[in-house]
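Remarks on the overall topology
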Amino acid sequence: MKNSHSESYAAAGVDVTAGYESVERIKPMVESTYIPGVMGTLGGFGGLFAPDVSGMKKPVLVSGTDGVGTKLRLAQLMNKHDTIGIDCVAMCVNDIICGGAAPLFFLDYIACGKNDPARIADIVTGITEGCRQAGCALVGGETAEHPGLMAEDDYDVAGFSVGIVDEEKIIDGKDLTAGDVLIGLGSSGVHSNGFSLVRKVFDVEHADLHAPMDELGGKSLGETLLTPTRIYVKSVQCLLKNGIHVKAISHITGGGLYENVPRMMKEGLTARIETASFPVPPIFELIAKKGDIPMRDMYNTFNMGVGLILAIPKEEVGQAKEILCRSGDRAYIIGSVVSGDAGVELV
């Protein structure tokens, strides 16, 4: 690498030496996520991972990919880039656990107008923290400069994760029955969905994102909106390891409760959710008021305070709540599974 330098490529807007500096900055952070199974080191052409499949009858790989969306614009306006990577990891691994899989590894892709090694390191700080929260390894990634396509200070972040589950332990809703209870896990806020609407409501390009707001408990709008997406991997794994029969899981992302909850239901059953059974964070009330947005649209766009919903047998509710609380999650009994074909009913 020490002899690699191209004046012509640099003149075209791509500084390969900045890329090498970025790799050196992030290498210790990446290695801090390594778990048993990681093979090789950062810098190869492919990330290697040898999963432990002992005790599994038929291992199944589960994959998920996602980005951060236009929440990135808030990070750029706030010049705060060290938490956005948590969102990227969360959007992938929270999807994977809906199938009962444990995330094994993660890869990131960062596209930028100009490679600023310090800023890339900040972004990867969040990605590695997200991987540690999810218990998976960051085994590789890519940083690409796009001069002429993106503004110098612009960037985008996406990721990809792979997990594993024994086929007989896949969570797919096939065991759902009327009478099962729905438990909602509290969100940390807006998470990473609906930000095109958020940005329009608050006109973030011209708003004071740093001023404390009484409506947000003294926090600023920017700080509140940049709160990282909560990662639910370890809490779900605790339930499964303690023998709780988790029948179905829904990650509440874009489309809110109306779009995501039906994805965990099977034909002939409906999730009946009592909206008064869980607290709605102040940021959602502020969005609705400021944007004059009907509640139906709010629940069809945002998580409204519930980031993950699990269906479990009624007799296991007490034990499940205790486990979730010990794991650090706020767990609410938000409804039940009933007969019907509506998919979801909010009452």
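Shown above is the structure to which this text applies.
Heads up: these notes are all about the structure in this document. (Residues numbered from 1 in each chain as written. Predicted model: local features only at pLDDT ≥ 70, side-chain atom pairs only at ≥ 80, totals over all residues. Heavy atoms only, no water.)

1. Details of the overall build of the protein chain
Selection rule: By definition, any uninterrupted DSSP run of H or I lasting at least four residues is a helix, any uninterrupted run of E lasting at least two residues is a strand, and each is numbered from the N terminus. Atoms counted for the radius of gyration: C-alpha only. Globule rule: 2.2 Å times the number of residues to the power 0.38. Contact definition: two residues touch when any of their heavy atoms are within 4.5 Å.
Each helix and strand counted, the protein chain has 12 helices and 12 strands in total. Against the compact-globule benchmark of 20 Å for 347 residues, the protein chain has a radius of gyration of 21 Å, which places it among compact chains. Judged by the C-alpha coordinates and their principal axes, the protein chain covers about 70 × 55 × 30 Å. Taking all contacts inside the protein chain whose residues are at least 6 apart in sequence as the whole, residues at least 24 apart take part in 85%.

2. With respect to the packing of helix H4 (residues 84–96) against helix H5 (residues 117–134)
Rule in force here: For helices, the fitted line uses only the C-alpha atoms of the stretch in contact; every axis is such a line through C-alpha atoms, and the angle between N-to-C directions lies from 0 to 180 degrees. Geometric relationships in this document are graded by angle, where less than 35 degrees denotes roughly parallel, more than 145 denotes roughly antiparallel, 65 to 115 denotes roughly perpendicular, and other angles denote oblique. Should the near helix be turned anticlockwise from the far one by less than a right angle, the crossing is termed left-handed; should it be turned clockwise, right-handed.
Interhelical geometry of H4 versus H5 gives an angle of 40° and a closest axis separation of 6 Å. Classified by the angle their axes make, H4 and H5 are oblique. As H4 packs across H5, the resulting crossing turns out to be right-handed. Two secondary-structure elements touch here, H4 through Ile84, Gly85, Ile86, Val89 and Val93 and H5 through Ile123, Gly126, Ile127, Glu129, Gly130, Cys131, Gln133 and Ala134.

3. Quick word on the pattern of salt bridges
Worth spelling out the cut-off: By definition here, a salt bridge exists when the distance from a side-chain nitrogen of Lys or Arg to a carboxyl oxygen of Asp or Glu is within 4 Å.
Applying the stated criterion across every chain, the model contains 11 salt bridges. Residue Asp180 pairs with Lys247 through a salt bridge whose shortest N-O separation is 3.1 Å. Of this pair, Asp180 sits in the loop between strand S6 (155–166) and strand S7 (181–186) while Lys247 sits in the loop between helix H8 (233–241) and strand S8 (248–251), and the two are 67 residues apart along the sequence.

4. Re the packing of H8 against helix H12 (residues 317–326)
The condition is simple: Classification convention: Asp, Glu, Lys, Arg as charged; Ala, Val, Leu, Ile, Met, Phe, Trp, Tyr, Cys, Pro as nonpolar; all other residues, Gly among them, as polar.
Two elements in contact, H8 and H12, have axes separated by 9 Å at closest approach and are oriented at 140°. On the basis of their axis angle, the class for H8 and H12 is oblique. For the pair H8 and H12, the crossing hand works out as right-handed. Contact residues: H8 offers Ser235, Cys238 and Leu239, while H12 offers Ala320, Ile323 and Leu324. Class assignment for the residues of the contact of H8 with H12 results in five nonpolar, one polar and no charged.

5. What to know about the nonpolar core
In summary, soluble globular proteins display a tendency toward joint burial of nonpolar side chains. Threshold: Among buried residues, those of type Ala, Val, Leu, Ile, Met, Phe, Trp, Tyr and Cys that are joined through side-chain atoms within 4.5 Å constitute a nonpolar core. A 1.4 Å probe rolled over the protein chains alone gives each residue an accessible area, and that area as a share of the maximum for its type sets the label: buried under 20%, exposed over 50%, partly exposed in between.
Core analysis: the largest hydrophobic core is formed by 92 residues, its most contacted members being Ile273, Ile287 and Ile309. Other than its neighbours up to four places away in sequence, Ile273 contacts Leu182, Leu257, Val261, Phe278, Ile309, Ile334, Gly335, Val344, Glu345, Leu346 and Val347.

6. Looking at the pairing of S7
The condition is simple: By this definition, two strands are paired if DSSP reports at least two bridges between them.
Among the six residues of S7, six are classified as buried, and the element is accordingly described as predominantly covered. Side chains Val181, Ile183 and Leu185 of S7 all project onto a buried face; the interleaved residues Leu182, Gly184 and Gly186 project onto the opposite face, where all are buried too. As paired strands, S7 and strand S10 (residues 306–312) are joined by six bridges and run antiparallel to one another. Directly across from Leu185, in S10, lies its bridge partner Leu308. In the sheet, S7 pairs with strand S11 (residues 331–339) via five bridges, with the strands oriented antiparallel. Looking at S11, one finds that Leu185 is bridged to Ala331.

7. Quick notes on the packing of aromatic side chains
To keep things clear, this is the line we draw: Only Phe, Tyr and Trp rings are paired, with Trp represented by its six-membered ring, and only when their centres lie within 6.5 Å; those with planes under 30 degrees apart are stacked, over 60 edge-to-face, the remainder tilted. We call a charge positioned over a ring when the NZ of a Lys or the CZ of an Arg lies within 6 Å of the ring centre and within 35 degrees of the ring normal.
Scanning all chains against the criterion turns up two aromatic pairs. A centroid spacing of 5.5 Å and a plane angle of 45° characterise the contact between Phe49 and Phe105, whose relative ring orientation is tilted. Of this pair, Phe49 sits in strand S2 (residues 48–49) while Phe105 sits in strand S4 (residues 102–112), and the two are 56 residues apart along the sequence. Here the aromatic rings of Phe284 and Phe302 are separated by 5.8 Å at their centres, their planes lie at 50°, and the arrangement is tilted. Placement of the pair is Phe284 in helix H10 (residues 282–291) and Phe302 in the loop between helix H11 (295–299) and S10, with a sequence separation of 18 residues. When its relative accessible area of 1% is taken as the criterion, Phe302 is described as buried. Lying over the aromatic face of Tyr258, Arg296 brings its terminal NZ or CZ to 3.6 Å of the ring centre.

8. Side note on the side chain of Thr270
Worth spelling out the cut-off: What qualifies as a polar contact is a pair of N or O atoms within 3.5 Å, subject to a donor-acceptor requirement within protein and to the restriction that residues adjacent in sequence count only when both atoms come from side chains.
Here Thr270 lies in strand S9 (residues 269–273). A distance of 3.1 Å separates a polar atom in the side chain of Thr270 from the backbone oxygen of Gly340. Those residues in contact with Thr270 that sit more than four places away from it in its chain are Met265, Ser336, Val337, Val338, Gly340, Asp341, Ala342, Gly343, Val344 and Glu345.

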